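An overview of the molecular structure
Residue strings, one per chain:
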Amino acid sequence: MTEHDLSTMLRDHLADEPPLRQSGADVIRTARRESRRRRALEAGAGVLAVAALAATGLGVGEQLRGEDSSTPVAQEATPPLARTMERSASAAFTPYVGPLGDPTWTVKSLLGDTVDPGDPAAQHYLLSYRPSGGPSVQVNLTVGGYAPADFDTYDFASSCDHQLAQGLAATCEMSALDDGSLLMTTVAPRARIGSDAPRMLTLDEAASRPPGSVLWVRVVGLSTRDGIAVDASEYVRAADADSADWQVPLDVLEGLALDQTLRDADLAHEPMPAVTGE
């Protein structure tokens with residue numbers, strides 16, 4: 001899974017690490033800093049390196065100069081996966097949110113490092129649009145890879161249980177498909193939209209923030225047994241989950257997540273690090 005930040009599924013593996021209310025990339029950077037500090041204090045001590053599938057972006061046709069690049073993608077330079085994602089997103093989102101505007105892209109490796117599109121290490125692609133006008137603040141389509149063995153190692157099936165137990169989602173429903181894939185639908189609060197790492201909020205935090213400062217995301221995410229994650233999501237500004245004025249029908253988000261052309265994406269499938277001294 002990508003939009004759901006696998007950090008929410010890894011909390012039981014992180015007894016000594018910071019609370020997982022950050023993006024995957026933030027968690028990884030924090031874990032690396034903690035790792036270096038522990039090595040200085042405890043020679044030879046191992047530390048758990050957290051690898052989360054972070055929402056990321058892609059700059060096509062040039063070397064990215066920063067994680068928040070919003071350079072439009074030139075069609076002639078766009079790699080096949082990006083073309084497929086743009087076509088699918090445009091067909092699905094435009095009828096409900098209107099003109100999408102320019103795409104914003106990022107591509108990253110497993111550990112959150114920005115890489116060029118088409119790089120063999122490219123593992124997570126995020127396509128974002130910020131429609132002009134209407135309630136929808138942002139719509140996303142994300143395609144990511146992971147090692148198939150991590151599907152069970154990190155207990156994807158319990159993701160909803162973790163999110164609900166931590167108060168990170170207003171609703172979360174999980175269903176298993178005939179091929180063993182998992183389809184998860186979540187409504188949750190977010191802050192810091194516009195970066196490549198929206199901040200996860202608890203429901204209590206969302207309720208305590210000033211009016212208009214919280215966005216709610218509805219995301220449908222597919223995780224397959226062969227190591228592909230596809231998420232489709234919509235962000236709207238609302239006082240609470242019940243008052244969110246969703247524009248994109250749920251079955252449209254689900255159709256994107258189940259799009260076979262996206263499930264066939266050619267991505268890296270590096271495994272998440274377990275216990276390591278790095």
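The structure displayed is predicted, hence computed values, not measured ones.

To continue, consider the state of the cysteines. Tallied over the entire structure, the rule returns one disulfide. Residue cysteine 160 pairs covalently with cysteine 172 via a disulfide, S to S 2.1 Å. Between cysteine 160 and cysteine 172, the S-S torsion sits near -75 degrees, and that sign places the bridge as left-handed. Taken together, the residues cysteine 160 in helix 4 (residues 159–165) and cysteine 172 in strand 5 (residues 171–176) connect sequence positions twelve residues apart. Both residues of the pair, cysteine 160 and cysteine 172, count as buried.

A few words now on the pattern of salt bridges. Across all of its chains, the model carries three salt bridges by this definition. One salt bridge connects arginine 263 with aspartate 179, and the closest N-O pair in it is separated by 2.8 Å. Separated by 84 residues along the polypeptide, arginine 263 in helix 7 (residues 260–263) and aspartate 179 in the loop between strand 5 and strand 6 (182–191) bring together distant segments of the chain. Arginine 263 gets classed as buried once you look at its relative accessible area, which sits at 18%. Residues glutamate 205 and arginine 199 are paired through a salt bridge, measuring 3.5 Å at the closest nitrogen-oxygen approach. By relative accessible area, which is 29% here, arginine 199 ends up partly exposed.

Residues Met85, Phe93, Tyr125 and Leu141 are the most contacted members of the largest nonpolar core, which totals 32 residues. Listing elements by their share of this core, those giving two or more residues are helix 2 (80–97), strand 2 (104–108), strand 3 (124–129), strand 4 (136–145), strand 8 (215–223), strand 9 (228–237) and helix 6 (250–257). The element contributing the most residues to this core is helix 2, with seven residues. Core analysis: the second largest hydrophobic core is formed by eleven residues, Val214, Val236, Ala238 and Ala244 among them.

Before going further, it helps to examine the layout of surface pockets. Space left empty within the atom packing is revealed by a probe, the size of a water molecule, rolled over the atoms. In this structure, the second largest pocket spans a volume of roughly 180 Å³. Per-class residue counts for the lining of the second largest pocket are nine nonpolar, one polar and two charged.

Let's shift gears to unusual backbone geometry. The backbone of aspartate 155 shows a phi angle near 50 degrees, a positive value even though the residue is not glycine. Within the fold, aspartate 155 resides in the loop between helix 3 (150–153) and helix 4.

The rules behind the values
- Residues numbered from 1 in each chain as written.
- Predicted model: local features only at pLDDT ≥ 70, side-chain atom pairs only at ≥ 80, totals over all residues.
- Heavy atoms only, no water.
- Disulfide = S-S within 2.5 Å.
- Helix = DSSP H or I, 4+ residues; strand = E, 2+ residues; numbered from the N terminus.
- Buried < 20%, exposed > 50% of the residue type's maximum accessible area, 1.4 Å probe, protein only.
- Salt bridge = Lys/Arg side-chain N within 4 Å of Asp/Glu carboxyl O.
- Core = buried A, V, L, I, M, F, W, Y, C linked by side-chain atoms within 4.5 Å.
- 1 Å grid on protein atoms, 1.4 Å probe; cavity = no way out; pocket = protein on both sides within 12 Å on 5 of 7 lines; lining within 4 Å.
- Points joined across faces, edges and corners; volume = space filled by probe spheres on them.
- Nonpolar A, V, L, I, M, F, W, Y, C, P; charged D, E, K, R; others polar.

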